[in-house]
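For reference, the chains in residue letters:
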Amino acid sequence: MRAEDLRRTRTNVRANVRNVPGPCAHWNDEDADFIREVLDLVGDKWSVLIIGTLADHPVRYSDLADAIPGISQRMLTLTLKHLQRTGLVSRTSYPEVPPRVEYALTELGRSLLSTVLALAAWSADHHGEIRRHQTEYDSADET
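Reference entry: report on the structure contained in this document. (Residues numbered from 1 in each chain as written. Predicted model: local features only at pLDDT ≥ 70, side-chain atom pairs only at ≥ 80, totals over all residues. Heavy atoms only, no water.)

Describing the side chain of Glu102
With respect to the helices and strands, the residue Glu102 is situated in strand β3 (residues 100–105). A polar contact is formed between the side chain of Glu102 and the side chain of Tyr94, at a distance of 3.3 Å. Within the structure, the side chain of Glu102 is placed 3.1 Å from the side chain of Arg100, a separation counted as a polar contact. Leave out the neighbours within four places in its chain, and Glu102 touches Pro58, Val59, Arg60, Ser90, Arg91, Thr92 and Tyr94. (Helix = DSSP H or I, 4+ residues; strand = E, 2+ residues; numbered from the N terminus. Polar contact = N/O pair within 3.5 Å; in protein donor to acceptor, adjacent residues only side chain to side chain. Contact = heavy atoms within 4.5 Å.)

Structure below.
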């Protein structure tokens, strides 16, 4: 199948999805693709933790790494670059020895902050219940 035919087939799939009632029916192909792209970025666990960590003030790279358990240097760097590219985080480099780099939420990033913090709070509030369901499901799946 040629690339052009494949793209046409994918587009027709979206057109068929819009015929079914639901939230996706409200957006055209371009909007739906962009929404999915943004949700992939801000729904990522590292993005949520970085945005939450930057909530109060600019933070140095090394302090970000220390504040987010389990994040590798590579993943921190990649996620910060993605957040910068999207305009959610700014990077300020100071010409000092040793060099100092700080990251901060932009206005756009701050506009997302309450949603990210609400998601994190919901997760913490329902941690026990979710774990219980996971355990029950895993136990039932083994039998």
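Next, the rest of the story.
Topic: the layout of surface pockets
Which parts of space are left empty comes out when a probe the size of a water molecule is rolled across the atoms. A volume near 280 Å³ is recorded for the largest pocket. Lining the largest pocket are 13 residues, and of these Val38, Leu41, Val42, Thr86 and Leu88 sit closest to its centre. Listed by contribution, the elements that provide at least two residues to the lining of the largest pocket are α2 (29–42), α5 (73–85) and α6 (107–125). Counting residues per element, the lining of the largest pocket draws most heavily on α2, which supplies 6 residues. Within the lining of the largest pocket, the residues separate by chemical class into 7 nonpolar, 3 polar and 3 charged. (1 Å grid on protein atoms, 1.4 Å probe; cavity = no way out; pocket = protein on both sides within 12 Å on 5 of 7 lines; lining within 4 Å. Points joined across faces, edges and corners; volume = space filled by probe spheres on them. Nonpolar A, V, L, I, M, F, W, Y, C, P; charged D, E, K, R; others polar.)

Things to note about the pattern of salt bridges
With the rule as written, the count across this model stands at 4 salt bridges. Of the charged contacts in the structure, one is a salt bridge between Glu136 and Arg132, with a shortest N-O distance of 3.3 Å. Here Glu136 pairs with Arg132, and both are found in helix α7 (residues 127–142), just 4 residues apart, close to one helical turn. Residue class for Glu136 comes out partly exposed when judged on its relative accessible area of 43%. Look at the salt bridges and you will find they share partners, linking Glu96, Arg100 and Glu102 into a network. (Salt bridge = Lys/Arg side-chain N within 4 Å of Asp/Glu carboxyl O. Buried < 20%, exposed > 50% of the residue type's maximum accessible area, 1.4 Å probe, protein only.)

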